[in-house]
Amino acid sequence: MQTQILVIEDDELLNSGLCYNLQKRGFTPFSAYCIKEAKSLLKQERFDLILLDVNLPDGSGFELVQETLSRSETPFIFLTARNLEEEIIRGLRFGADDYVVKPFSVKVLMEKVLTVLRRCSGPRKPEVYTVGSLSVDLENRIVKKQGIVVSLTPTEFEILEVFCRNRDQILTKDILLGKIWDRKEHYVNEHTLSLNVSRLRNKIADGEHEYIRTIYGLGYKWVGDTR
């Protein structure tokens, strides 16, 4: 699974530059330009690290930490234009893994990113979701039905992972297209989505469990109940 890093920075040029440099190093970056966008992404995705600007258009990075990040174990690095000792101390007391003052060297920041990721990448429990006759190892990307490995394409597995991580939600076609294809700038139509969902459904379904249910007029929902 690729390392996902969320960049929360309202300066569009700096944000895109950081994402570009992260991508060059093999990471998968996501951009947010305000707290509202960041909260939305944090609900949808799992991140390995967050780069967080202190001063944002709709609030401060400290507020986001208090409201959201304090409840997670995701490491984060504060970015700020103010070299104030009190603010740096405050950021570290909020649990920041590092504090970088602008303007900064992108190379140095990338090294700090690698250092934090190494420090926080201790042994992780395998994420295995089991329901009915299905076992989904999200970490190792292995799917078994009745103990037998099911062969899925990378796209089919990504769709399955989105369903498993959003089990209580109705996922519209727009949401699925955005999560699977659009964020990689690989734009496809609804027919391609429907075809992949149909193939996935046929591969994982058994005589007792449906798993993926079509919600007509809305999209799809993951269900673990019997037919």
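Preceding this section is the structure that the text describes.
Thresholds, definitions, all that
- Residues numbered from 1 in each chain as written.
- Predicted model: local features only at pLDDT ≥ 70, side-chain atom pairs only at ≥ 80, totals over all residues.
- Heavy atoms only, no water.
- Axes fitted to C-alpha atoms, helices over the stretch in contact; angles between N-to-C directions.
- Helix = DSSP H or I, 4+ residues; strand = E, 2+ residues; numbered from the N terminus.
- Parallel < 35°, antiparallel > 145°, perpendicular 65-115°, else oblique.
- Left-handed = near helix turned anticlockwise from the far one by under 90°.
- Contact = heavy atoms within 4.5 Å.
- Nonpolar A, V, L, I, M, F, W, Y, C, P; charged D, E, K, R; others polar.
- Pairing = 2+ DSSP bridges.
- Expected span 1.5 Å × (residues − 1).
- Buried < 20%, exposed > 50% of the residue type's maximum accessible area, 1.4 Å probe, protein only.
- Arc of directions from axis to C-beta.
- Salt bridge = Lys/Arg side-chain N within 4 Å of Asp/Glu carboxyl O.

(A) A look at the packing of helix H6 (residues 154-165) against helix H7 (residues 173-180). Between H6 and H7, the least distance of the axes is 10 Å, while the angle of their chain directions is 120 degrees. If you check the angle between H6 and H7, you find them oblique. At the point where H6 passes H7, the crossing takes the right-handed sense. Within the contact between the two elements, H6 uses Thr155, Glu158, Ile159, Val162 and Phe163 and H7 uses Leu176, Lys179 and Ile180. When grouped by side-chain class, the residues that make up the contact of H6 with H7 number 5 nonpolar, 1 polar and 2 charged.

(B) Summary view of the pairing of strand E9 (residues 134-137). In terms of strand pairing, strand E8 (residues 128-131) meets E9 through 4 bridges, oriented antiparallel. Counted as the bridge partner of Tyr129 is Val136 from E9. Where E9 and strand E10 (residues 142-145) come together, 4 bridges link them in antiparallel fashion. In the strand pairing of E10, Asp137 is matched with Ile142.

(C) A look at helix H8 (residues 190-204). Taking 1.5 Å of rise per residue, 15 residues should cover 21 Å, and H8 covers 21 Å from first to last C-alpha, within 8% of that figure. Turning to H8, its buried residues are Leu193, Asn196, Val197, Leu200 and Ile204. Mapping the buried residues of H8 onto a view down its axis gives an arc of 100 degrees, with all of them on the same face. Residues of H8 that are exposed and point over 90 degrees away from its buried face: His191 and Asn202. Structurally, H8 contributes buried residues whose contacts are with E9, E10, H6, H7, strand E13 (212-215) and strand E14 (219-222).

(D) H7, seen in detail. Among the residues of H7, Leu176, Leu177, Lys179 and Ile180 are the ones counted as buried. In this structure, the buried residues of H7 make contact with helix H2 (35-44), H6, strand E12 (170-172), H8 and E14.

(E) Structural view of the pattern of salt bridges. Under the criterion given, the structure shown has 8 salt bridges. Two residues, Arg46 and Asp48, come together in a salt bridge whose shortest N-O distance is 3.0 Å. With a relative accessible area of 24%, Arg46 lands in the partly exposed category. Asp48 sits in the buried class, given a relative accessible area of 13%. The salt bridge involving Asp53 is made with Lys102; its shortest N-O contact spans 3.3 Å. Of this pair, Asp53 sits in strand E3 (residues 49-53) while Lys102 sits in the loop between strand E7 (98-101) and helix H5 (106-120), and the two are 49 residues apart along the sequence. Relative accessible area serves as the criterion here: at 3%, Asp53 is assigned to the buried category.

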